[in-house]
Amino acid sequence: MTRRVLKALGVSLLALAGLAVAVVALLSLLVFTEAGSARLLSLAGSLTPLELDYRSGSIAGELELSRLKLETGVVSLELEDVVLELRPACLWRASLCVRRLALASLDVVIAESDKADLDIAESAPPAAAKHRLIALPLEIQVDSLEVARTRVSWPGGEWRQAGLEASLSLGEPLVRV
């Protein structure tokens, strides 16, 4: 009887190990191949407020997007001709690390807000601000940021910049450029 139990346990452990290998292989296909990366980005676009137009490359290497857009109701971000080199290992520590991020254009539009919301956001400490432009689910670190054209507009004003090169760190509550 114990031999049967041990044999069944061994077969079960072997099947579980095989399943784990299959899952790792599938995830590797999604991350390391162009087709897998395109599918994974399409899934991300359907599950999040991001709009992603995949061009070429893989998530584990150099990835090219025609366009990436995020609208929160308060702010709209649009990045065009995006070239991105991720460091996927950073995801284990709840960070998005980017070796290189190159953009042909960055367009930020800040929507008009109620005066009361602006007063609260200006007078409250950052952690207690009622109205944030963007809530980040994880810290973002960019080693090399290259932006050919930047435009930031808000009700009553606009700022334009050509040729930006910087490093960037975004996290609650700090932004470092």
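Here the residue numbers are simple positions, counted from 1 along each chain's written sequence. Under the rules for a predicted model, residues below a pLDDT of 70 receive no local features and side-chain atom pairs below 80 are neither given nor counted, while totals for whole chains, interfaces and linings still include all residues. The basis for the side-chain values is all heavy atoms of the structure; hydrogens and waters are excluded.

Draft legend 1. Quick look at the overall build of the protein. Only DSSP runs of H or I with at least four residues qualify as helices, and only runs of E with at least two residues qualify as strands; both kinds are numbered from the N terminus onward. Looking only at helices and strands, the protein features three helices and seven strands. Mapped in sequence order, the helices and strands of the protein form the string α-α-β-β-β-β-α-β-β-β. Exposure is judged per residue with a 1.4 Å probe applied to protein chains only, and the accessible area is read against the type maximum: over 50% gives exposed, under 20% gives buried, and values in between give partly exposed. Looking at the protein as a whole, 25% of its 177 residues qualify as buried. Across the protein, contacts joining residues at least 24 apart in sequence account for 45% of those joining residues at least 6 apart. Looking at the protein as shown, the accessible area adds up to about 11700 Å², and 63% of this sits on carbon and sulfur atoms. Any two residues having at least one pair of non-hydrogen atoms within 4.5 Å are treated as being in contact. Areas reported here follow the Shrake-Rupley algorithm with a probe of radius 1.4 Å; residue values treat only the protein chains shown as occluding.

Draft legend 2. Representation of helix α2 (residues 34–47) within the structure. Expected span of a helix, by definition, is 1.5 Å for each gap between consecutive residues, and there is one gap fewer than residues. Taking 1.5 Å per residue as the helical rise, α2 with its 14 residues ought to reach 20 Å, and the 20 Å between its terminal C-alpha atoms agrees with that figure. Residues of α2 that are buried: G36, S37 and L41. Along α2, the residues classed as buried sweep out an arc of 130° about the axis, all on the same side. Exposed residues lying more than 90 degrees from the buried face of α2 are R39 and S46. Its side-chain oxygen placed 3.0 Å from the backbone nitrogen of G36, T33 serves as the N-cap of α2. Arc, as used here, means the arc of the directions from the helix axis to the C-beta atoms. A 3.5 Å cut-off defines polar contacts: any pair of N or O atoms within that distance qualifies, except that in protein one atom must be a possible hydrogen donor and the other a possible acceptor, and neighbouring residues in sequence count only when both atoms are side-chain atoms.

Draft legend 3. Summary view of the nonpolar core. The definition of a nonpolar core used throughout is a set of buried Ala, Val, Leu, Ile, Met, Phe, Trp, Tyr and Cys residues joined through side-chain atoms within 4.5 Å. By size, the foremost hydrophobic cluster in this structure holds 24 residues, and its most contacted members are L65, V82, L84, L101 and V142. Elements supplying a minimum of two residues to this core: β2 (62–71), β3 (75–87), β4 (95–110), β5 (139–154) and β6 (157–171). Among the elements that make up this core, the one with the highest residue count is β3 (six residues). Not counting residues up to four positions away in its chain, the partners in contact with L65 are L41, L52, D53, Y54, R55, D81 and V82.

Draft legend 4. Local environment of the pairing of strand β1 (residues 50–57). Strands qualify as paired when DSSP identifies two bridges or more between them. Here β1 runs beside β2; their pairing, made up of seven bridges, is antiparallel. By the bridge assignment, G57 is partnered in β2 with L63.

Draft legend 5. Main features of the pairing of β3. Of the strand pairs in this sheet, β2 and β3 are connected by nine bridges, and their pairing is antiparallel. Directly across from E71, in β3, lies its bridge partner S76. Counting the residues that bridge the hairpin from β2 to β3 gives three residues, and of these G73 lies at a positive phi of roughly 100°. Here 12 bridges tie β3 to β4, and the two strands are oriented antiparallel to one another. Across the sheet, E85 pairs through a bridge with R100, a residue of β4.

Draft legend 6. Highlighting the side chain of S105. With respect to the secondary-structure elements, S105 resides in strand β4. Other than its neighbours up to four places away in sequence, S105 contacts E78, L79, E80 and R149.

Draft legend 7. Examining the environment of L101 more closely. Among the structural elements, L101 can be located in strand β4. Classification of L101 by relative accessible area gives buried; the value is 13%. Remark: the alpha-carbon pair of L101 and V83, spanning 18 residues in sequence, is separated by 5.7 Å. Dropping the residues within four chain positions of it, L101 is found in contact with V82, V83, L84, V142, S144, L145 and E146.

Draft legend 8. Up close: the confidence of the model for the protein. Confidence of the prediction at every residue is given by pLDDT, a number between 0 and 100. Taken residue by residue, the protein gives an average pLDDT of 78. The fraction at 70 or more is 66%. For residues 115–121, every residue scores under 50 in pLDDT, and the model assigns this stretch six contacts once sequence neighbours within four places are set aside.

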